Amino acid sequence: MLKGIFTYGSSMVGDRIDDVRAGLIKVAPNGTAPFFAMTSGMRSEPTNSTTVTWGEETYFNGRVQAGAEAQAAATTITLKDASGIIPSHILLVESTGEYVYVLDVTGNMLTVKRGLGNSTAAIIPNDAFLQTIATANEEGSAAPQQIMKIGKPLMNYVQTFRQLWSVTEDAKASKYHSGDKKAQAIDAAIMRMSEDIERALIWGKMSYGQKDNKSFLTMNGLYNMIKTNVTTVASGNRVSFKELDELFAACFEQTFEGSTDERIIYTGNLGMSVFNQLVKADTTYIRASSDNAYGMNLMKYITPFGTLILKTHPLFNASPFYRGDMLIVNPASPVIRWFRKTVNHPHAYTGVDAETGDITASLTMELHGENTCGLIRGITSAYHYELPTTVSG
């Protein structure tokens, strides 16, 4: 059952409207705020501060790189970064197949036992990669050392959103086949506010300012939070399947605790068309049955890296500037932080022959594992590789 309390029919108004996202899923799953609506199934936490900070922990994937050459008889190996290695780690030298056992770690230098398990000790070239296999501790050993994770501090501001609703006393008194006019007016305000929130979550820019001697804050959205996997197609250039494939692969290469093997792509009709053209001739992307999760029209593709779920976004289509963009989101990455959940504030009677009020919500977003998300901008058309024609003669 979806979260939230709803009245009869299609209205989102109820005794409480503390999370309009669930209402969007019920009432307008294919409306103008699909990302905000889909966050109803993602993590959400309260905050008691208008400035939200979190630590972006670097995930250690177990792969390290030699910082200097090590001879076959050497008992020390220098790494470029040994912060993820502790004594008792077993490492595999990928290029030679040699196993080594870590006895001690000092800075980026490892003291090791070479040729573990009768593997052959060989020169370890500079820049060679070593893969951690596991840890192995002796019987009755002391407590192991802890692998330290130092989080990179990140922050975002809480932004307040408000929309006015009103209904005349005549409209309230009249009976309509279409239902309660007050409820409809509040619903319309919620929809407008949801679209505002959607724009901020995607394109917002963090800032602090003052208006009428009072402070106001704006949040960073996904376009300004995703830094690692970002590609801009040069003006007039076409995008190839290879470029898309490499970007998608990069978004799946990293992970973090709680991450998934799915990525949701929000795009416009142009981006969707280009994607379909490019994958049509490629056998490594398999079209799965269309997904109606959240009540939305979604397309699903199984790739060698994971599952891609594509959603056409109405706000991308609304502007030629974004129609070809592809916003790639790991569903485990965004966390909505509510400072104040959605509330309806009826206004005091002022002598006007109407009832008015406003819908207010204050929230921000954390983005964890931004390197598992991505963005490609400026797609105009598809580039297809063509095999050269062989002319006999």
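Residues numbered from 1 in each chain as written. Predicted model: local features only at pLDDT ≥ 70, side-chain atom pairs only at ≥ 80, totals over all residues. Heavy atoms only, no water.

A. Molecular detail of the overall build of the protein. The secondary structure content of the protein amounts to eight helices and 23 strands. Here the protein holds 393 residues, and 44% of them are scored as buried. Considering only contacts in the protein between residues 6 or more positions apart, those separated by 24 or more positions represent 71%. Summed over its atoms, the accessible surface of the protein is roughly 20300 Å², and 52% of this surface lies on carbon and sulfur atoms. (Helix = DSSP H or I, 4+ residues; strand = E, 2+ residues; numbered from the N terminus. Buried < 20%, exposed > 50% of the residue type's maximum accessible area, 1.4 Å probe, protein only. Contact = heavy atoms within 4.5 Å. Areas by Shrake-Rupley, 256 points an atom, 1.4 Å probe, with all protein chains shown as cover.)

B. Looking closely at the pairing of strand β6 (residues 99-106). In the sheet, strand β5 (residues 89-93) pairs with β6 via three bridges, with the strands oriented antiparallel. Among the inter-strand pairings, L92 is bridged to a residue of β6, identified as Y99. Taking the residues between adjacent antiparallel strands as the criterion, β5 and β6 are bridged by five residues, where G97 takes a positive phi near 80 degrees. Note: β6 against strand β7 (residues 109-113), five bridges, orientation antiparallel. Across the sheet, residue V102 finds its bridge partner in β7, namely V112. Remark: two residues form the turn of the hairpin made by β6 and β7, two consecutive strands paired antiparallel; G107 in that turn has positive phi of roughly 60 degrees. (Pairing = 2+ DSSP bridges.)

C. Looking closely at the packing of aromatic side chains. A complete count under the given rule lists 13 aromatic pairs for this structure. Arranged with centres 5.4 Å apart and planes meeting at 40 degrees, the rings of W203 and F316 form a pair that is tilted. Placement of W203 in helix α4 (residues 181-203) and of F316 in helix α8 (residues 314-317) is noted, with a sequence separation of 113 residues between them. Among the residues examined, W203 registers a relative accessible area of 18% and is labelled buried. (Phe/Tyr/Trp six-rings, centres within 6.5 Å; stacked < 30°, edge-to-face > 60°.)

D. Up close: the sheet that holds β7. The six strands lie next to each other as β3-β8-β5-β6-β7-β4, forming an open sheet whose pairing is antiparallel. With one partner strand each, in any of the chains shown, β3 (63-65) and β4 (76-78) form the two edges of the open sheet. Strand-to-strand, the axes of this sheet are offset by a mean angle of 40 degrees, without reference to chain direction. Across three bridges, the pairing between β3 and strand β8 (residues 129-135) is antiparallel. Note on β8: the bridge partner recorded for V64 is L130. (Axes fitted to C-alpha atoms, helices over the stretch in contact; angles between N-to-C directions.)

From the geometry alone we can't say anything about function, so treat these as descriptive.
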